[in-house]
Amino acid sequence: MPIIEADGIAKSYPLANDPSQSFLAVDHVSLVIEEGEVYGILGPNGAGKTTTLEMLEGLTEIDEGLARVDGIDVSKHPTEVKKRIGVQLQSSEYFDRLSLVELLKLFAHLYGVHDFDPLALLREVNLEEKARARPASLSGGQRQRFTIACALVNQPRVLFLDEPTTGLDPQARHNLWHLVERLNAQGITIVLTTHYMEEAETLCGRIAIMDHGIIIAEDTPDNLIMAHAPRPREVPAHGNIEDVFLALTGHGLRD
Amino acid sequence: MNRAQLELGLVFLKVFSRDRQSLILGLFLPLFLLALLGTIYERRSASVIEIGVVDLADNALSVRFIQSLQETPGFVISTGDEATLKEGIKRGDLVLVVIISSAFSDQNQGLELPVMFDGGRIALVAMAVPRLQQALVDIERDLRNSVPMFTLRLQDVQSGGAPGYLDFLLPGLLALGLMQTSLAGSAFNIVEYRRKGILKRLFVTPISAMDFVVSMCASRIILVLAQVTVVILVGVFLLGAQIDGSLVLLFLLAILGCIVFLCMGFMIAGLSGTQESVGMIGNLAILPQMFLSGVFFPIEAMPGWLQPVASLLPLTFLVNAMRDVAIDAAGIVAILPSLAGMAAWTALCLVLAARFFVWREISN
Ligand SMILES: Nc1ncnc2c1ncn2[C@@H]1O[C@H](COP(=O)(O)OP(=O)(O)OP(=O)(O)O)[C@@H](O)[C@H]1O
Ligand SMILES: [Mg+2]
């Protein structure tokens, strides 16, 4: 039984240079994600990854099409959907002057979870010794782990991660991958976006490559490589997902 | 209020109490102004203390007592009949009036001398009474070697009379301070939360926009009540201001005022997309009210053409209502016109806020 289904969801925004015109940031995207998957959306800047996620999360109104999370219509019951999912936004800011523990407690309360052990959750993401720190004092990797902890307070069935490793050094990135794998092993379905080919390749069971609001390819990393990576004439060596990505989206600079 | 609203409200309070800048602006500024302006006024007249004496005895001893008072540095003595001098207190010309009863003589033992004073100027009275007592003791010592002959019986006759500047200022500063806390607090914070994405993060959770508004308003109302309590306590007990009317009504007005300015804050947050424009629009709303709403001096002292505008400002309605209650002990009926003015502003701001407010970050 799929935990996420999107059927032709679309979102249009007014054009920045001509507000009387609009363009499709997400152009009738359909996807099906099974429970327990790690599903990656790979795409250049402005491809529509964040917009797609936020429509599924009930944060952005869906202009057209239908999305269901855990069988619930997102447009009709966004609050019910929000109760079941955990969300890491692309950029997260918190109230200044509150400690990690205080913030986690607040988020738990907002989900109606009132008996809650923030320290246990901080331990899970390796931030126990930072319990009294303020988010502003955390390093990039610690911050992302804290953001994930915030997304876990309601024990979600699905975790949405929007570029969880952008800006992290290789150590912090690998550390975060392990965290994602651990959470997935606990049964949480993961939907993430990324610019990093290696990340998509190692972490995701399936990848959707998105550009200009459209999913232009969707499959397991291996199948995508088989189908799209250019083969050198002599040696039948594997390319990698980066080759696939560039072959499909071209080399032109975005944004 | 549900539990999520309660917890979010507590967080707002916590965030505020850890924000030193708003704490200073919200609490210490009104107190500072009150102490500064209130005592500048008192100091100016403190160099001389005007005392009225009603000499009903008119004998050698009473003449000698009056003479000794006249020789006391800082005292300015005027004599006259009781009714005239009592008026003097009420007009604020005299700080206190001593009545030398006809029985005043060197045979007295424990004779009570009534002293009428202006309760609104308790600081001055407190300064004058010991010196008055000293003058009496001096006479007593000369006559009978310090066997007490006279005692002073203090009675406040100011109630209903002319209030001091401090009494005038206190309700004005209460209103001004609570406008800062409610209006600036809501408008600036919401725009900041929206710009930083804190709002977006909050709405990832299943709370509704209404939850946020309820928590925000409840936390501001509690802040305002705390602020009003502290300013009143300091004003009355430390600075000697006097409040004649109902405290309950005053606190009720504080809550209503808070609601008016919260709505105004939401409206301003709706009209301004960015941090800069909220600063501009916010100050556009706050500064004129600060100076035109009769906080520091009565609207009647303003140029005639300005008065109609000034009298329609929301802060004017609140200041007037609070002043009517604090000084004239007005009841709810007497302040109905001011309440109507506040209600009209609330409605206007709510309509505009509902029309323009957006929760999402506004992309330039
Ligand atoms: N609120 C908005 N108003 C107007 N245009 C928007 C809005 N949000 C997104 N867009 C536009 O929609 C398009 C898709 O944006 P989106 O953020 O979904 O891309 P993305 O794939 O997440 O990019 P990135 O990798 O940079 O995060 C972009 O052209 C963006 O400018
Ligand atoms: Mg994005």
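The structure displayed is predicted, hence computed values, not measured ones.

**Remarks on the overall build of chain B**
Part 1: Secondary structure summary: chain B contains 13 helices and 5 strands in total.
Part 2: Computed over C-alpha atoms, the radius of gyration of chain B comes to 27 Å, more than 25% over the 21 Å expected from 2.2 N^0.38 for 364 residues, which places it beyond the range of a compact globule.
Part 3: If you line up chain B on its principal axes, its C-alpha atoms span 90 × 45 × 35 Å.
Part 4: Counting the 364 residues in chain B, one finds 52% classified as buried.
Part 5: Summarising the internal contacts of chain B: among those between residues at least 6 apart in sequence, 79% fall at separations of at least 24.
Part 6: As displayed, chain B has an accessible area near 16000 Å², and 65% of this comes from carbon and sulfur atoms.

**Some points on the nonpolar core**
Part 1: Counting residues in each nonpolar core, the largest one holds 154 residues, and the members touching the most others are A:Ile4, A:Phe95, A:Phe146 and B:Phe212.
Part 2: Take this core: its biggest share by element is 15 residues, from helix H6 (residues 165-196) of chain B.
Part 3: With residues near it in sequence (within four places) discarded, A:Phe95 still touches A:Leu103, A:Leu106, B:Leu8, B:Val11, B:Phe12, B:Val15, B:Tyr193, B:Ile198 and B:Leu202.
Part 4: The next biggest cluster of nonpolar side chains, apart from the first, holds 30 residues, and it includes B:Ile51, B:Val95, B:Leu124 and B:Ile139.

**Concerning the packing of helix H3 (residues 100-110) of chain A against helix H5 (residues 140-152) of chain A**
Residues and elements named next belong to chain A.
Part 1: Direction vectors running N to C along H3 and H5 enclose 30°, while the axes themselves pass 9 Å from each other. By the angle between their directions, the pair H3 and H5 is classed as roughly parallel. Considering only the axes of H3 and H5, their crossing is right-handed. Where H3 abuts H5, its residues Leu100, Leu103, Leu104 and Phe107 lie against Phe146, Ala149 and Cys150.

**So, the coordination of the magnesium ion (ligand 2)**
All names here are of chain A.
Part 1: Note on the magnesium ion (ligand 2): its protein donors are Thr50 (OG1) and Gln90 (OE1). The metal-donor distances range over 1.8 to 2.1 Å. A residue pair is termed long-range when its members are at least 10 positions apart, and threonine 50 in helix H1 (residues 49-56) and glutamine 90 in the loop between strand E6 (85-88) and H3 qualify at 40 residues.
Part 2: The partly exposed category is assigned to glutamine 90, whose relative accessible area is 41%.

**Section: the packing of aromatic side chains**
Part 1: Counting across every chain of the model gives 9 aromatic pairs over all chains.
Part 2: On the numbers, 5.2 Å between centres and 65° between planes, the contact of A:Tyr94 with A:Phe146 is edge-to-face. Of this pair, A:Tyr94 sits in the loop between E6 and H3 while A:Phe146 sits in helix H5; the two residues are 52 residues apart in sequence, bridging distant segments of the chain.
Part 3: Taking 6.0 Å as the distance between ring centres and 70° as the angle between the ring planes, the aromatic pair formed by B:Phe266 and B:Phe357 counts as edge-to-face. Pair noted here: B:Phe266 is in helix H9 (residues 247-271) and B:Phe357 is in the segment after helix H13 (336-356), with a separation of 91 residues, a long-range link.
Part 4: Look at B:Phe266 and you get buried, because its relative accessible area is 9%.
Part 5: Since its relative accessible area comes to 16%, B:Phe357 is described here as buried.

**Things to note about helix H10 (residues 275-292) of chain B**
Residues and elements named next belong to chain B.
Part 1: Between the first and last C-alpha of H10 there are 26 Å, a value that for 18 residues agrees with the 26 Å anticipated at 1.5 Å per step.
Part 2: In the structure, H10 departs most strongly from a straight axis at asparagine 283, where the bend amounts to approximately 25°.
Part 3: For H10, the complete set of buried residues consists of Ser277, Val278, Gly279, Gly282, Ala285, Ile286, Gln289 and Met290.
Part 4: Where H10 is buried, its residues contact H6, H9 and helix H12 (314-328).
Part 5: Backbone geometry just downstream of H10 places glycine 294 in the positive-phi region, at approximately 75°.

**Looking at the interface of chain B and chain A**
Part 1: The interface is formed by 23 residues belonging to chain B together with 25 residues belonging to chain A.
Part 2: Together chain B and chain A conceal approximately 2500 Å² of surface at their shared face, both sides included; 64% is due to carbon and sulfur atoms.
Part 3: Connecting chain B to chain A are 5 salt bridges.
Part 4: Salt-bridge contacts for B:Lys196 lead to A:Asp96; the nearest nitrogen and oxygen are separated by 3.1 Å.

**Notes on the site of ligand 1**
Part 1: Around ligand 1, the surrounding shell holds 15 residues, and the nearest of these are A:Asn45, A:Lys49, A:Thr50, A:Thr51 and A:Gln90.
Part 2: Chains contributing residues to the immediate surroundings of ligand 1 are chains A and B.
Part 3: Contact distances for ligand 1 include 2.9 Å between an oxygen atom and a backbone N or O atom of A:Gly46.
Part 4: A:Gln90 places a side-chain nitrogen or oxygen 2.8 Å from an oxygen atom of ligand 1.
Part 5: Here ligand 1 loses 69% of its free accessible area of 630 Å² to cover by the protein chains.
Part 6: Elements represented by at least two residues in the shell around ligand 1 include exactly strand E2 (22-34) and H1 of chain A.
Part 7: The biggest single contributor to the shell around ligand 1 is H1(A), with 3 residues.

**Points about the domain arrangement of chain B**
Part 1: The assigned domain composition of chain B is domain 1 (3-40 + 163-356) and domain 2 (48-157).
Part 2: Its C-alpha centre places domain 1 of chain B at a distance of 45 Å from the equivalent point of domain 2 of chain B.

Reading guide: rules and limits
- Residues numbered from 1 in each chain as written.
- Chains lettered and ligands numbered in written order.
- Predicted model: local features only at pLDDT ≥ 70, side-chain atom pairs only at ≥ 80, totals over all residues.
- Heavy atoms only, no water.
- Helix = DSSP H or I, 4+ residues; strand = E, 2+ residues; numbered from the N terminus.
- Rg over C-alpha atoms; globule rule 2.2 N^0.38 Å.
- Buried < 20%, exposed > 50% of the residue type's maximum accessible area, 1.4 Å probe, protein only.
- Contact = heavy atoms within 4.5 Å.
- Areas by Shrake-Rupley, 256 points an atom, 1.4 Å probe, with all protein chains shown as cover.
- Core = buried A, V, L, I, M, F, W, Y, C linked by side-chain atoms within 4.5 Å.
- Axes fitted to C-alpha atoms, helices over the stretch in contact; angles between N-to-C directions.
- Parallel < 35°, antiparallel > 145°, perpendicular 65-115°, else oblique.
- Left-handed = near helix turned anticlockwise from the far one by under 90°.
- Donors = N, O, S within 2.8 Å, 3.2 Å for Na, K, Ca; no water.
- Phe/Tyr/Trp six-rings, centres within 6.5 Å; stacked < 30°, edge-to-face > 60°.
- Expected span 1.5 Å × (residues − 1).
- Bend = angle between axes of the 7 residues up to and from the residue.
- Buried area = accessible area lost by both parts, 1.4 Å probe.
- Salt bridge = Lys/Arg side-chain N within 4 Å of Asp/Glu carboxyl O.
- Near = heavy atom within 4 Å.
- Polar contact = N/O pair within 3.5 Å; in protein donor to acceptor, adjacent residues only side chain to side chain.
- Domains from an automatic or database assignment.

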